[in-house]
Amino acid sequence: MSWWKKLLWIVISAMGVWAMARLALSRGEQISALWIVLAGFCALSISYRFYSKWLATKVLVLNEERATPAILQNDNKDYVPTNRWMVFGHHFAAIAGPGPLVGPVLAAQFGFLPGTLWILIGATLGGGVHDMIVLFASIRRGGKTLGQMVKDEIGLGVGLLALVSVLAIMIILLAVLALVVVQALAQSPWGVFTIATTIPLALIMGIALRTGKVSVIAVTVFGLLGLAFGVWGGQFLAHFPAIEAWFRHDQKWLAWAIMIYGLAASVLPVWMLLTPRDYLSTFLKLGTVAMLAAAVVLINPTLQMPAITKFIDGSGLVFAGPVFPFVCITIACGAVSGFHSLIASGTTPKMIRRESRIRPIGYGAMVTEMMVALMAMIAACVLQPGEYFAINTKGAPTEVVAKVSAAGFPVTEAEMQKLATNLGESTMFNRAGGAPTFAVGMANMFSQVSAKPTALALWYHFAIMFEALFILTTIDAGTRVGRFLLQDFLGNLWRPLGNTRSWSANFLSSVLLVAAWGWFLYEGVIDPLGGINSLWPLFGLANQLLSVVALCLGTTLLIKMHRTKYLFVTLVPLCFMCAVTFSAGSLKVFSSDPRLGFLSGARSLLREASGMADPAKAAELARQAGVWRFDALVAVFFLVLVCLIVLGSARQWWQLIRGTRRVVLHESEFVPISPARLAQF
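Positions within a chain are numbered from 1, following the residues in the order the chain's sequence is written. Local features are withheld for residues below a pLDDT of 70 in this predicted model, meaning they are given only at 70 or higher, and side-chain atom pairs are given and counted only at 80 or more; totals for whole chains, interfaces and linings count all residues. Only heavy atoms go into the side-chain values, all of them from the structure, while hydrogens and water stay out.

### Quick notes on helix 9 (residues 189–211)
Thinking step 1. Starting at the N terminus, helices and strands are each numbered in turn, a helix being any DSSP run of H or I of at least four residues and a strand any DSSP run of E of at least two. Multiplying 1.5 Å by the residue count of a helix minus one yields the expected span of that helix. Between its first and last C-alpha atoms helix 9 spans 34 Å; for 23 residues at 1.5 Å apiece the expected length is 33 Å, and the two agree.
Thinking step 2. Backbone geometry just downstream of helix 9 places G212 in the positive-phi region, at approximately 80°.

The following block contains the structure:
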C-alpha cells in the first residue's frame, strides 16, 4: 500500500473515532445527526476494506478456481448463474426487512447512543462475519440450507433439532413480516399500486435477460423507468376513483394476495420473478436511503433525543426491558440477524458464479444495511421526544399525554393533532410499532427540502409505502428459503419430497409452508388477540436465536478447517449473542414485571379479570392471559432447543480440538473451472 493510501485510511480512522467521541461524550449540548452518518461511513469503509478482506484471504481462503453450485448444478429453477449486481440486489433486498427500519426506531427510547453503538459494532464485527461465513459454507456444500449443514457438520441429533427449530422460527418470522405489510397497505391504493407495478416489471425483466438478447444495463433502465412510474403515479389515483377502487383493499384481501404472491415466488424459476423484483426493489431502497443521507447533509438536523434516557433501566414507555439485552434484541437486522443466515444458505448461494463475490455480497450487503439502520435511528431521534413517545405509547390520548409529559418529555394533544393534520392522518396516537415513527421522521426531513405545504403528508405516505416494499421483498425470498428448509425436513421422512428438482415436490412443499405462515397471518387479521399477534413478542428473540445456531456452525467449520487460531472471529460474537438471547429469553418468561414477563403478565391479567363485573371483559382478559402463557411456552421451547444445539456443538468442539473425534469436513468435491469458462463470469 502506497504512503498516500495509508495516510488516507489514517484520516478516515481518525474521523470515525472523532465522530464516535462526539456522540458518546455529548451530555446536554445539541448534537448534529451528521456525526452518526460520518461514524457509519467510516466504520463501513474500514471494516469492508480491511476486515472483510482479511476474512476472505486468511480465514476462509476463497478460491476463484473452484466451481460454484450455480455452475455445477444449473437447473434453470433454483440454481442459476446470475449477474453479480442482480445477486447483490436480491440478497440485500431479502435481508433488509423491517429490522433496519423498525428496530432502531423502537430502540431510540434508550437514547441515540446505545442503538448507534450496537449497530456499528454488531454489524462490522458480528453481522458481517455471520452472513459471510454462512454464505461461504453453503457455497462449499452445494447450496445446502442452514439446518442441513448443521446436521452434516455437527451431528444428526443436533441437526434434527436445528431443522425443527429453524423451520418453526422461519414460519413465525414470515407470518410477522406479512402482517406488517398487510397493516401498512390496508386501504392504501398508492402503496398497493406501486408494489403491484413491480411484479409485471420483474417478469418482463427476467424473461428479457433469459433470452440473452438484452443486456443487464438495458433491462435495468427499463425497470427503473417502470419503478419510477409506479412510485410517482400512485399519488394521482385519487383523481380517478374507478381505478383507485382496484387498488383499495382491506386486510383480508391483502392477506390472501400476499399468500398467493409468496407461493408464486417460491415455485416459479428464480430468474423469472424473485431475482429481478428484488433487484428492482433494491434501487428504490438504496435510492431512498441515499436521499435520506443527502437530506441529513443538506439540512443538518439536530438530534432531539438525548444520548441516554432514563428508560435504560427497563421502565420504557415504548416497550419494557433494560437496555441490555433488549437493545440487541430490538435491533436485529441492522446489526446481527439470524434471518440473514437463512437467505445466505437459501437462494443466494445458488446464484453466485464465483467465490470472490462472497465478500461483497455476504459482508458488503450487511454493512450497507448497517447504514439503513443508522438512517432509521436518525429519523426517530430528530423528532421531538414528546412526539416520539406519544406516537409509540398505547392508551387514550389524555392518558398518553399525561404519561409522556410526566416522564420528562412534554407534549400536548394540540401538538399531536397538528402533527396528524399535517401528515394527512386523523390521529397519530396509538401508532406503535416503529413503522409510523420512521415515516414521520423521514417525511419531516424530506419536507424541509421542499416549500410545498403538502410535502409532509406526501412524504409520509411515500415512506409508509417504502416500508411495505422493504418488507415484502423479505417475504418472497423467505418463503422460497422456507421451502428449501421444509424439503430438507420432509426428505428425512420420504426422500422424493426432498428433491428440489421435482416440480411436484417443490409445489407441495411451497403450499404447506405458505399454509403454515398464512394461517397465523389470517388469524392475526381477523382476530386482534389471536394467531400471529400472540407471536409478536417472540419475533426478536426467535430471530437472534437463529444467529446463535449459525455462529455455532461457523465455529465448527473453522475448527474442522484447521483454522483454530482464528476461532475468535466467530466465538466472540457467539458468546455475546448467547448472553443476549438467553438473558432476554429468561426475562421475557420469568420476569416479575408484568409488562415484561409472560407468566407474571398472565397472572396480572387473571387477577384483573377476577375483579371485573362484566363477564365479557373478564373473558377477554382471561383469553389474553392464555396468549401470554402460550408465548412463554413457545419461548421456553425455542430456548431449550437452541441450548441443546449450543451444548452439542461445544461437545464436538472439545472432541475435535483434543483429537478424540475424527475430522470429517462435508465439503463438496473440488471441481476446478477452466480459465476460458471463468472469463465468461
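### Describing the environment of L665
Thinking step 1. Relative to the helices and strands, L665 resides in the loop between helix 26 (615–658) and helix 27 (675–679).
Thinking step 2. For each residue, the accessible area found with a 1.4 Å probe, counting protein chains only, is set against the maximum for its type, and the residue is called buried under 20%, exposed over 50%, and partly exposed in between. Overall, the relative accessible area of 30% leaves L665 in the partly exposed class.

### Some words on a nonpolar patch on the surface
Thinking step 1. Surface patches are defined over residues having more than 30% relative accessible area and no salt bridge, joining like charges when they lie within 9 Å and nonpolar side chains (Val, Leu, Ile, Met, Phe, Trp, Tyr) when within 5 Å. Exposure was quantified through the Shrake-Rupley algorithm and a 1.4 Å probe, taking into account, for residues, occlusion by the shown protein chains and nothing else. Here, a salt bridge means any Lys or Arg side-chain nitrogen found within 4 Å of an Asp or Glu carboxyl oxygen. On the surface, a cluster of nonpolar side chains totalling about 640 Å² of accessible area is made up of W3, W4, L7, L8, V11 and M15.
Thinking step 2. As for its placement among the helices and strands, V11 is situated in helix 1 (residues 3–25).

### Here we look at empty space enclosed by the protein
Thinking step 1. The pocket and cavity definitions rest on a 1 Å grid over protein atoms only: a 1.4 Å probe that fits but cannot leave marks a cavity, an open set with protein on both sides within 12 Å along at least five of seven lines marks a pocket, and residues lining either have an atom within 4 Å of a point. Grid points are joined across faces, edges and corners, and a volume is the space filled by probe spheres set on the points. Applying the stated criterion to the full structure yields four cavities of 30 Å³ or more.
Thinking step 2. In this structure, the largest cavity spans a volume of roughly 80 Å³.
Thinking step 3. Residue lining of the largest cavity: I95, G97, P98, G99, L173, L177, C333, F339, T474, F539 and N543, and that is the complete set.
Thinking step 4. Per-class residue counts for the lining of the largest cavity are seven nonpolar, four polar and no charged.
Thinking step 5. Counted as a void, the second largest cavity has a volume near 50 Å³.
Thinking step 6. For the lining of the second largest cavity, the elements supplying multiple residues, two or more each, are helix 2 (34–59) and helix 6 (112–140).
Thinking step 7. The biggest single contributor to the lining of the second largest cavity is helix 6, with three residues.
Thinking step 8. The nonpolar class holds Ala, Val, Leu, Ile, Met, Phe, Trp, Tyr, Cys and Pro. Asp, Glu, Lys and Arg form the charged class, and all remaining residues, Gly among them, are polar. Broken down by class, the residue content of the lining of the second largest cavity amounts to seven nonpolar, no polar and no charged.

### A short note on the nonpolar core
Thinking step 1. Residues belong to a common nonpolar core when they are buried Ala, Val, Leu, Ile, Met, Phe, Trp, Tyr or Cys residues joined through side-chain atoms within 4.5 Å. Counting residues in each nonpolar core, the largest one holds 222 residues, and the members touching the most others are L23 and W517.
Thinking step 2. We call two residues in contact when some of their heavy atoms are within 4.5 Å. If sequence neighbours within four positions are ignored, W517 has contacts with I171, L174, A175, A178, I258, M259, I475 and T479.
Thinking step 3. Of all hydrophobic cores here, the second largest spans six residues; its members include A602, A609, A618 and A625.

### With respect to the pattern of salt bridges
Side chains that carry opposite charge are capable of pairing whenever their charged atoms lie near each other.
Thinking step 1. The tally for this structure, following the rule as stated, stands at eleven salt bridges.
Thinking step 2. Residue R66 pairs with E667 through a salt bridge whose shortest N-O separation is 3.7 Å. Note that R66 is positioned in the loop between helix 2 and helix 3 (69–72) and E667 in the loop between helix 26 and helix 27, a separation of 601 residues in sequence.
Thinking step 3. The exposure class of R66 is buried, given its relative accessible area of 10%.
Thinking step 4. Here E153 makes a salt bridge to K560, at a shortest N to O gap of 3.1 Å. Placement of E153 in helix 7 (residues 146–153) and of K560 in helix 23 (residues 539–560) is noted, with a sequence separation of 407 residues between them. Exposure class is identical for E153 and K560. Each is buried.
Thinking step 5. It is possible to trace a salt-bridge network through shared partners that takes in R66, R140, E355 and E667.

### Focus on unusual backbone geometry
Thinking step 1. Residue F324 is joined to P325 through a cis peptide bond whose omega torsion reads 15°.
Thinking step 2. Among the structural elements, P325 can be located in helix 14 (residues 323–330).
Thinking step 3. The phi torsion at H562 lies on the positive side, around 60°, for a residue other than glycine.
Thinking step 4. Among the structural elements, H562 can be located in the loop between helix 23 and helix 24 (568–590).
Thinking step 5. A relative accessible area of 65% places H562 in the exposed class.

Read these as spatial facts, not as claims about activity.
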